[in-house]
Amino acid sequence: MATIASSDTAEATRNAARGFSLPAWAISYLQATPLFLILGFFFLLPIVMIGVVSFWDYDFAGIYPAFLTTNYTDTLGSWVTWKTYLNTLKFTAIVWALTLFIGFWVAYFLAFHIRRTSTQMILFLVCTVPFMTSNIIRMISWIPVLGRNGLVNSALIDMGLIPQPIEWLLYSDFAVVLAMVHLYTLFMVTPIFNTLMRIDRSLFEAARDAGASGWQVLWNVVIPLAKPGMAIGSIFVVTLVMADFSTVQVMSGGQSASIALMMKNQMSLLQYPAAAANAVVLLIVVLLMVAAILRIVDIRKEL
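Residues numbered from 1 in each chain as written. Predicted model: local features only at pLDDT ≥ 70, side-chain atom pairs only at ≥ 80, totals over all residues. Heavy atoms only, no water.

> Break down the side chain of Gln266 for me, with residues and values.
For Gln266, the location among the structural elements is in helix 14 (residues 259–268). Dropping the residues within four chain positions of it, Gln266 is found in contact with Gln271, Ala274, Ala275 and Asn278. (Helix = DSSP H or I, 4+ residues; strand = E, 2+ residues; numbered from the N terminus. Contact = heavy atoms within 4.5 Å.)

Following this line, the structure appears as structure tokens:
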């Protein structure tokens, strides 16, 4: 009798549990709630606050809650802003092209010319060694190399190739681009390498059996299948370059400018609403660039 009573109790408990069970869609939303709260607090809320502050008023003493469009009209109506945006886009285009070229060939070498997986990992880790130091240290390490009395100028003068030091090696747009390529190439290498490693090697054999040359295999097989990695790397590089201010400030010697550097100067002058308006405009520009990349390469479809 006790056994029968206990089984009846267990059955009643299961029926009660089934009666209070949540529908599948509610369980999915419940599981996604922690992620939504974290993203909302640490990602969406700061963006909303920047958007709100961009409409506030300010003077030399502080900022005041208001709803003014002056910050946007001053930002978009200034030829300095447009010139700075063009300069930033110039840096972005050059750095993107160089990192894509260098990153693809480095990833291609690691993926297809290194046979042993252990060797691939070792060489890949070697590429990441500079990232164990800060960006500032890696950036300023170019100064003694490119300076007027640096290693490059001293070597060229000693070899008799130039009569006097080259001035534009440091504190110029060339130095800015060189430092950015050094800083951000790995962000292009990593996604391309991961994509190339997933390519089925039998496709190469099939292409060669069909009479394709090495360059035809590269152009018609490797590059199309590497597009997702190129797109992801491009998103990384574009967003990082557009938001970089320290490299432009240090490596140009104050002779060049970027939007991020403009915002940094505005914040140093306590012009937070103007900097917030610039940040909103920059965010829109970056999102449009990312959307253009995703329009060209559908990452979800390719992967």
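> Quick rundown of the packing of aromatic side chains? Include the residues and the values.
Applying the stated rule across the entire model yields 12 aromatic pairs. Here the aromatic rings of Phe41 and Phe42 are separated by 4.9 Å at their centres, their planes lie at 90 degrees, and the arrangement is edge-to-face. Of the two residues, Phe41 and Phe42, both sit in the exposed class. Chaining the aromatic ring pairs together yields one cluster made of Phe104, Trp105, Tyr108, Phe112, Phe204 and Trp215. Of note, Lys90 hangs over the ring of Phe91, and the distance from its end group to the ring centre comes to 5.2 Å. (Phe/Tyr/Trp six-rings, centres within 6.5 Å; stacked < 30°, edge-to-face > 60°. Buried < 20%, exposed > 50% of the residue type's maximum accessible area, 1.4 Å probe, protein only. Lys NZ or Arg CZ within 6 Å of the ring centre and 35° of its normal.)

> Explain unusual backbone geometry residue by residue, including any values.
Leaving glycine out, the prevailing phi sign among residues is negative, and the prevailing peptide bond configuration is trans. Non-glycine residue Tyr171 carries a positive phi angle of around 55 degrees. Here Tyr171 is to be found in the loop between helix 8 (151–158) and helix 9 (173–197). Tyr171 gets classed as partly exposed once you look at its relative accessible area, which sits at 39%. Phi is positive for Leu270, close to 65 degrees, though the residue is something other than glycine. Residue position: Leu270 is located in the loop between helix 14 and helix 15 (272–296).

> Describe the side chain of Thr92, naming the residues involved and giving the relevant values.
Along the chain, Thr92 turns up in helix 4 (residues 79–113). What makes Thr92 buried here is its relative accessible area of 3%. A distance of 2.8 Å separates a polar side-chain atom of Thr92 from the backbone oxygen of Thr88. (Polar contact = N/O pair within 3.5 Å; in protein donor to acceptor, adjacent residues only side chain to side chain.)

> So, the nonpolar core: which residues are in play, and what are the values?
In this structure, Phe104, Phe112, Ile192, Leu196 and Val222 are the most contacted members of the largest nonpolar core, which totals 43 residues. Going through the elements one at a time, helix 4, helix 9, helix 10 (202–209), helix 11 (214–225), helix 12 (227–242) and helix 13 (246–251) are the ones with two or more residues in this core. The dominant element in this core, judged by the number of residues it contributes, is helix 9, at 14 residues. In contact with Phe104, not counting residues within four places along its chain, are Thr99, Ile192, Leu218, Val222, Ile223, Ala226 and Met230. Counting residues in hydrophobic clusters, the runner-up holds 18 residues, among them Tyr85, Ala231, Val281 and Ile293. (Core = buried A, V, L, I, M, F, W, Y, C linked by side-chain atoms within 4.5 Å.)

> I'd like a rundown of a nonpolar patch on the surface, residues and numbers included.
Where nonpolar side chains cluster on the molecular surface, the patch consists of Leu35, Phe36, Leu37, Leu39, Phe43, Leu44, Ile47, Leu283 and Leu287 and spans about 880 Å² of accessible area. The biggest single contributor to the nonpolar patch is helix 2 (residues 24–53), with seven residues. Within the element layout of this structure, Leu44 appears in helix 2. You can call Leu44 partly exposed: its relative accessible area is 42%. (Patch = residues over 30% accessible without salt bridge, like charges linked within 9 Å, V, L, I, M, F, W, Y side chains within 5 Å. Areas by Shrake-Rupley, 256 points an atom, 1.4 Å probe, with all protein chains shown as cover. Salt bridge = Lys/Arg side-chain N within 4 Å of Asp/Glu carboxyl O.)

> Which residues make up the environment of Phe109, and what values go with them?
Relative to the assigned elements, Phe109 resides in helix 4. With 27 residues separating them in the primary sequence, Phe109 and Trp82 have C-alpha atoms 40 Å apart. Not counting chain neighbours up to four residues away, the residues in contact with Phe109 comprise Ile114 and Leu123.

> Quick rundown of the pattern of salt bridges? Include the residues and the values.
For the structure shown, the criterion picks out two salt bridges. The partner of Arg148 in a salt bridge is Glu167, with the nearest N and O atoms 1.9 Å apart. With Arg148 in the loop between helix 7 (143–146) and helix 8 and Glu167 in the loop between helix 8 and helix 9, this residue pair connects regions lying 19 residues apart in the sequence. Relative accessible area serves as the criterion here: at 46%, Arg148 is assigned to the partly exposed category.

> Describe the confidence of the model for the protein chain, and please don't skip the residues or the numbers.
The predicted model of the protein chain averages 85 in pLDDT, with 92% of residues at 70 or higher. Within the model, pLDDT remains below 50 along residues 1–5, and this stretch shows zero contacts once partners closer than five positions in the same chain are excluded. (pLDDT = per-residue confidence, 0-100.)

> Account for the packing of helix 9 against helix 12, naming residues and giving values.
The interhelical angle for the contact between helix 9 and helix 12, taken along N-to-C directions, is 155 degrees, at an axis separation of 7 Å. As the angle between them shows, helix 9 and helix 12 are arranged roughly antiparallel. Between helix 9 and helix 12 lies a crossing whose hand is right-handed. Here helix 9 contributes Met180, Tyr184, Phe187, Met188, Pro191, Ile192 and Thr195 to the contact with helix 12, which in turn contributes Pro228, Gly229, Met230, Ile232, Gly233, Ser234, Phe236, Val237, Leu240 and Val241. Counted by class, the contact of helix 9 with helix 12 contains 13 nonpolar, four polar and no charged residues. (Axes fitted to C-alpha atoms, helices over the stretch in contact; angles between N-to-C directions. Parallel < 35°, antiparallel > 145°, perpendicular 65-115°, else oblique. Left-handed = near helix turned anticlockwise from the far one by under 90°. Nonpolar A, V, L, I, M, F, W, Y, C, P; charged D, E, K, R; others polar.)

> Quick one: what's the story with the environment of Leu98, residue by residue and with numbers?
Topologically, Leu98 is positioned in helix 4. Linking Leu98 and Val181, residues 83 residues apart in sequence, is a C-alpha distance of 6.9 Å. Apart from residues lying up to four places away in sequence, Leu98 is in contact with Val177 and Val181.

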